[in-house]
Amino acid sequence: MRDPILSARGLSREYAPEQGCLAVDLDVWPGEVVGIVGESGSGKSTLLRLLSGQERPDAGSLIFTDRAGQSHDLREASESEIRHLQRTAFGIVHQNPRDGLRLRISAGGNIGERLMGIGARHYGEIRAEASRWLAHVEIDPARIDDLPRHFSGGMQQRLQIARNLVTNPGLVFMDEPTGGLDVSVQARLLDTLKRLVYDLGISVVIVTHDMGVARLLADRLLVMRFGRVIETGLTDQVLDDPQAAYTQQLVASILQVS
Amino acid sequence: MYVAVKGGEKAIAEAHALLAELRRGDPAVAELSLAQIQNQLSLAVDRVMNEGSLFDAELAALAIKQAQGDLIEAIFLLRAYRTTLPRHGVSTPIETSEMRVLRRISATFKDVPGGQILGPTYDYTHRLLDFSLAVDAMDAAQVDDDDWAEEPHHHDSTHSDAQSGGSEKSLPRVLALLEQEGLVEPPPTEASVSVDLTREPLDFPAARETRLQALARGDEGYLLSLAYSTQRGYGRTHPFAGEIRSGVVMVHCPVEELGYALPVGELLVTECDMINQFQGGGQVEPTFTRGYGLQVGLSERKAMSMALVDRALRADELDEERLSPAQDEEFVLAHCDNVEAWGFVSHLKLPHYVDFQSELALIRALRQAAEAPDV
Amino acid sequence: MSDTVTHYNFAYLDEQTKRMIRRGLLKAVAVPGLQIPFGGREMPLPYGWGTGGIQVTAAVIGPDDVLKVIDQGADDTTNAVSIRAFFAKTAGVSTTEVTTDATLIQTRHRIPETPLSSGQILIYQVPIPEPLRFIEPRETETRKMHALSEYGVMHVKLYEDIAQFGQIATSYAYPVMVNERYVMDPSPIPKFDNPKMHQNPALQLFGAGREKRLYAVPPYTDVISLDFEDHPFEVQSWETPCALCGSQESFLDEVVMDDAGTRLFICSDTDYCRTQQERTDA
């Protein structure tokens with residue numbers, strides 16, 4: 001078996017007692033989707049920011065292995081190295097697409113930015129690639145020159161995903177990517193995501209409070225509460241046979257809803 | 001027994017007496033005449049007239065004298081007087097292309113029909129203190145100031161400069177040359193009368209003419225800083241000073257009985273026509289956009305700032321993302337009036353005993369709760 | 001006025017300040033295209049009118065220098081006249097309008113048409129030294145972008161131009177890559193002048209007074225205008241030659257002749273235009 005693409009041990013970042021994220025162990029394997037679930041304040045977004053290098057841990061270790069097999073110690077890495085990884089090897093999809101898009105830049109420019117960032121200098125090719133990616137995320141390529149603010153919320157989120165995936169990063173972090181979208185739009189976005197993850201074989205770490213989203217996308221789940229991981233396992237296993245009392249409550253809550 | 005502090009009335013009277021003494025300064029130094037202020041501090045007079053929204057140089061000079069040169073206080077005085085005045089009518093729009101030009105420059109073309117006319121400007125002075133002025137002032141103190149009293153209006157003196165140094169014939173607008181080619185958006189053709197902000201409250205979203213009215217009486221320093229922020233990248237609009245002109249225009253008022261407008265007087269004004277980044281692309285032919293500023297007197301700094309802020313505030317109309325303070329109409333217009341701003345800031349000097357007492361009681365209670373041992 | 005001038009040091013600035021500026025300039029020359037912060041002083045001219053250029057000139061000028069000052073390429077524009085007079089008065093140096101006679105040339109918005117030579121110094125007045133400013137206004141962020149060579153966004157700007165207008169719609173202050181390392185704002189010169197910066201034998205110094213930054217392009221340094229392979233960098237051209245000297249190679253100003261909008265095109269570089277006219281007359 002290959003090595004994990006991302007490996008965390010004892011990862012901690014505490015803002016106040018039980019606030020933040022405490023002693024988390026996690027391995028992300030190539031091609032798998034890991035869901036982090038829990039309610040607001042459970043520490044799941046903090047964990048995501050730590051894993052993606054947007055924040056530094058107080059304690060623990062975090063090793064990322066790139067496609068070339070090169071290991072990067074993200075706790076010790078320079079800001080320069082982390083920003084480079086974020087531009088090339090990582091994708092980061094924000095809950096609010098406005099945080100992840102350049103709003104004054106056209107859809108094509110938004111997708112093309114990462115390509116140009118790694119040295120693409122042929123306008124025609126960049127544009128063709130942007131077109132292709134718009135089609136991939138089911139946005140009409142005729143809208144390549146439109147500004148994101150003329151897009152619906154669901155389209156903005158698709159555009160953000162295309163912008164992240166265009167350089168074929170090995171590891172994508174998503175923070176509540178379907179939050180703020182209405183149910184039918186969510187369903188369509190989840191379909192697209194599932195297809196892309198499968199087609200591209202990328203690894204994904206996704207944070208969600210929505211157990212439905214977790215069930216649909218994730219291969220494996222981490223359940224968080226008060227900053228700690230209280231249960232882990234294959235998604236079906238966790239959802240069908242939850243061990244921790246808290247997980248049972250979480251699972252029960254979605255059953256009531258549906 | 002303790003007696004609470006009273007006697008506010010006496011304190012106020014004493015404060016005013018002290019203020020009068022301070023305003024007058026050393027009685028051995030000659031007292032300022034309004035004519036001196038009108039003539040020798042004319043740019044301060046212009047500012048007070050603009051932000052006080054009243055074209056009366058003598059009253060503005062009085063306000064400056066009364067306020068010891070505190071221009072915001074003077075603006076306040078002038079506004080408080082203005083609000084008592086009856087309104088006899090509304091003039092027709094002034095025609096600045098028929099201006100008798102005192103100064104006229106364009107930064108966009110090396111030469112334009114009618115030429116570049118530098119006029120009176122500090123632009124190319126080196127900012128070296130001119131100590132000869134200090135000497136002259138001492139000499140001038142000996143001069144009988146009867147001459148000044150006869151000068152009715154400080155603008156008449158600049159007007160005579162206009163005749164000697166400036167252009168008597170009307171000059172075409174620089175932007176009209178670009179309009180002929182369709183390279184710049186045309187100015188609005190309708191002379192729409194907006195609300196009168198001195199009589200009606202400001203309502204958002206505001207029409208452009210309403211915004212311009214608010215900016216025209218807005219604080220010079222505030223608008224200057226906002227204009228500057230657009231140049232530094234916060235709402236950038238790529239400005240070029242298409243044309244700045246200062247000069248005298250005729251004011252006409254319609255007379256219903258006659259069916260036409262009669263000239264009622266002259267006004268020295270400064271106008272700024274800013275050319276900004278172009279719009280268009282795709283099917284739409286690119287054209288430059290524009291921002292506009294107009295002030296009475298030689299208030300070039302304010303007119304330019306106004307034009308830049310006017311352009312930035314057109315973000316919605318021109319389909320630009322509003323991301324910067326200068327593009328935010330509510331932020332800009334709600335805070336541009338210095339009389340309002342200083343009023344509210346200065347009100348913090350008023351007693352707030354009751355509110356503060358309530359807060360004091362609360363914070364004590366909270367601290368007590370925090371110190372109490374956990375149950 | 002002359003009384004006041006005697007109170008000031010040679011070339012207005014005190015020697016301490018000049019040394020501070022020269023140290024900044026040495027650093028700037030050592031790292032071409034990198035913006036060096038410096039303790040810019042209040043100058044007797046308004047910010048935005050060339051206070052940066054004037055401070056650089058004041059720091060490097062000596063009694064034997066011959067100074068030329070141009071604004072928009074012309075020696076006779078008001079701002080150029082004013083700055084030239086400032087140094088004639090405060091430093092007593094000789095001034096010239098002839099490009100080849102000058103040892104120092106302070107400029108706003110142009111590079112002379114006449115090629116510069118080794119030993120000459122061209123001093124640019126810079127309003128906004130940060131080429132990334134209009135993409136990212138925050139200095140803390142742009143500093144990182146320069147440090148990490150995160151320049152993808154510069155091409156995003158060019159991409160947007162082409163997508164919207166079919167071509168790169170930046171005609172002045174066109175960004176350049178210096179010595180294959182730093183993206184630099186060439187100051188608001190027309191892009192027509194960009195190629196002159198490349199491998200120029202003269203030393204090019206840049207001063208931004210209000211923003212308090214210095215930068216430099218040493219002699220014979222690569223200065224490449226950003227572009228795309230399929231939309232290469234191009235300079236402006238005119239359909240007519242200069243109406244005065246007939247040059248077909250210089251940057252032309254448009255002069256409006258009358259109310260009907262009749263236009264005349266003449267060289268923006270007045271010294272070059274005069275030289276060309278003398279050549280044809282001879």
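Residues numbered from 1 in each chain as written. Chains lettered and ligands numbered in written order. Predicted model: local features only at pLDDT ≥ 70, side-chain atom pairs only at ≥ 80, totals over all residues. Heavy atoms only, no water.

**Examining the overall build of chain B**
Part 1 of the reasoning: Along the backbone of chain B there are 15 helices and 4 strands.
Part 2 of the reasoning: Evaluated residue by residue, chain B yields a buried proportion of 37% over its 375 residues.
Part 3 of the reasoning: Pairs at least 24 residues apart make up 66% of the contacts formed inside chain B by residues separated by at least 6 positions. (Helix = DSSP H or I, 4+ residues; strand = E, 2+ residues; numbered from the N terminus. Buried < 20%, exposed > 50% of the residue type's maximum accessible area, 1.4 Å probe, protein only. Contact = heavy atoms within 4.5 Å.)

**Section: the confidence of the model for chain B**
Residue and element names in this part refer to chain B.
Part 1 of the reasoning: Averaged over every residue, the pLDDT of chain B is 86; residues scoring 70 or more account for 88%.
Part 2 of the reasoning: Below pLDDT 50 for its whole length, residues 143-166 participates in 36 contacts with residues either more than four positions away or in separate chains.
Part 3 of the reasoning: Reported for the predicted complex are a pTM of 0.80 and an ipTM of 0.87. (pLDDT = per-residue confidence, 0-100.)

**Some details on the domain arrangement of chain B**
All names here are of chain B.
Part 1 of the reasoning: When its domains are assigned, chain B resolves into domain 1 (9-82) and domain 2 (100-120 + 157-336).
Part 2 of the reasoning: Relative placement of domain 1 and domain 2: their C-alpha centres are 29 Å apart.
Part 3 of the reasoning: With 12 residues of domain 1 at the contact, the number on the domain 2 side is 16 residues.
Part 4 of the reasoning: Between domain 1 and domain 2 lies a buried interface of about 1,100 Å² when both sides are counted; carbon and sulfur atoms form 43% of it.
Part 5 of the reasoning: Looking only at domain 1, the three residues that lose the most surface to domain 2 are Asn-50, Glu-51 and Phe-55, adding up to 45% of its buried area.
Part 6 of the reasoning: The tally of links from domain 1 across to domain 2 stands at 1 salt bridge.
Part 7 of the reasoning: Ionic pairing is found between Asp-219 and Arg-47, a salt bridge with its closest N-O pair at 3.0 Å.
Part 8 of the reasoning: Run the count over domain 1 and domain 2 and you get 9 residue pairs in polar contact (both at pLDDT 80 or more). (Domains from an automatic or database assignment. Buried area = accessible area lost by both parts, 1.4 Å probe. Salt bridge = Lys/Arg side-chain N within 4 Å of Asp/Glu carboxyl O. Polar contact = N/O pair within 3.5 Å; in protein donor to acceptor, adjacent residues only side chain to side chain.)

**Focus: helix 4 (residues 78-90) of chain C**
All names here are of chain C.
Part 1 of the reasoning: Its 13 residues give helix 4 an end-to-end C-alpha distance of 18 Å, which sits within 8% of 18 Å, the value for a rise of 1.5 Å per residue.
Part 2 of the reasoning: Burial in helix 4 covers these residues: Asn-79, Ala-80, Ser-82, Ile-83, Arg-84, Phe-86, Phe-87 and Thr-90.
Part 3 of the reasoning: Gly-92 occupies a position one or two residues after helix 4 and carries a positive phi of about 65 degrees. (Expected span 1.5 Å × (residues − 1).)

**What about the confidence of the model for chain A?**
Part 1 of the reasoning: Per-residue pLDDT for chain A has a mean of 91; in total, 98% of the residues score no lower than 70.
Part 2 of the reasoning: Averaged over each element, pLDDT in chain A is lowest for helix 10 (residues 245-257) of chain A (76) and highest for helix 5 (residues 123-136) of chain A (96).

**Considerations on the interface of chain A and chain B**
Part 1 of the reasoning: Opposite the 5 residues of chain A that make contact, chain B presents 4 residues.
Part 2 of the reasoning: Interface area for chain A against chain B, summed over the two sides, is near 470 Å², with a carbon-plus-sulfur share of 39%.
Part 3 of the reasoning: Counting the surface chain A buries against chain B, the share from its top three residues, A:Leu103, A:Arg104 and A:Arg149, is 83%.
Part 4 of the reasoning: Put simply, A:Arg98 and B:Glu321 hold a salt bridge, and the shortest N to O gap is 3.2 Å.
Part 5 of the reasoning: Joining chain A to chain B, the criterion identifies 4 residue pairs in polar contact (both at pLDDT 80 or more).
Part 6 of the reasoning: Classifying every residue of the side of chain A that touches chain B by side-chain character gives 1 nonpolar, 1 polar and 3 charged. (Nonpolar A, V, L, I, M, F, W, Y, C, P; charged D, E, K, R; others polar.)

**Concerning the pairing of strand 8 (residues 203-208) of chain C**
All names here are of chain C.
Part 1 of the reasoning: Counting buried positions along strand 8 yields 6 of 6 residues, so the element is predominantly enclosed.
Part 2 of the reasoning: Of the two faces of strand 8, both are covered, the one formed by Leu-203, Leu-205 and Gly-207 as well as the one formed by Gln-204, Phe-206 and Ala-208.
Part 3 of the reasoning: Relative to strand 8, strand 5 (residues 121-125) is paired through 5 bridges, and the arrangement is parallel. Each residue of the ladder has a partner; that of Leu-122, found in strand 8, is Gln-204.
Part 4 of the reasoning: Bridge count for strand 8 against strand 9 (residues 213-217) is 5 bridges, and the pairing is antiparallel. Directly across from Phe-206, in strand 9, lies its bridge partner Tyr-215.
Part 5 of the reasoning: Counting the residues in the hairpin turn of strand 8 and strand 9 gives 4 residues, including Lys-212, whose phi is positive at 55 degrees. (Pairing = 2+ DSSP bridges.)

**Considerations on the pattern of salt bridges**
All names here are of chain B.
Part 1 of the reasoning: Throughout the structure, instances matching the rule amount to 62 salt bridges over all chains.
Part 2 of the reasoning: The salt bridge partner of Glu-329 is Arg-211, with a shortest N-O separation of 3.5 Å. Residue Glu-329 is found in helix 13 (residues 329-334), and its partner Arg-211 is found in helix 10 (residues 208-216); the two are separated by 118 residues along the sequence.
Part 3 of the reasoning: Since its relative accessible area comes to 7%, Glu-329 is described here as buried.

**Some points on the sheet that holds strand 7 (residues 182-184) of chain C**
All names here are of chain C.
Part 1 of the reasoning: Strands sit in the order 7-6-10 across an open sheet of 3 strands; the sheet is antiparallel. Taken across any chain shown, the strands that pair with only one partner, and hence form the sheet edges, are strand 7 and strand 10 (223-225). Direction aside, the axes of adjacent strands within the sheet are offset by 35 degrees on average.
Part 2 of the reasoning: The sheet contact formed by strand 6 (residues 176-178) and strand 7 spans 3 bridges and is antiparallel. Within the sheet, the bridge partner assigned to Val-176 lies in strand 7 and is Met-184. (Axes fitted to C-alpha atoms, helices over the stretch in contact; angles between N-to-C directions.)

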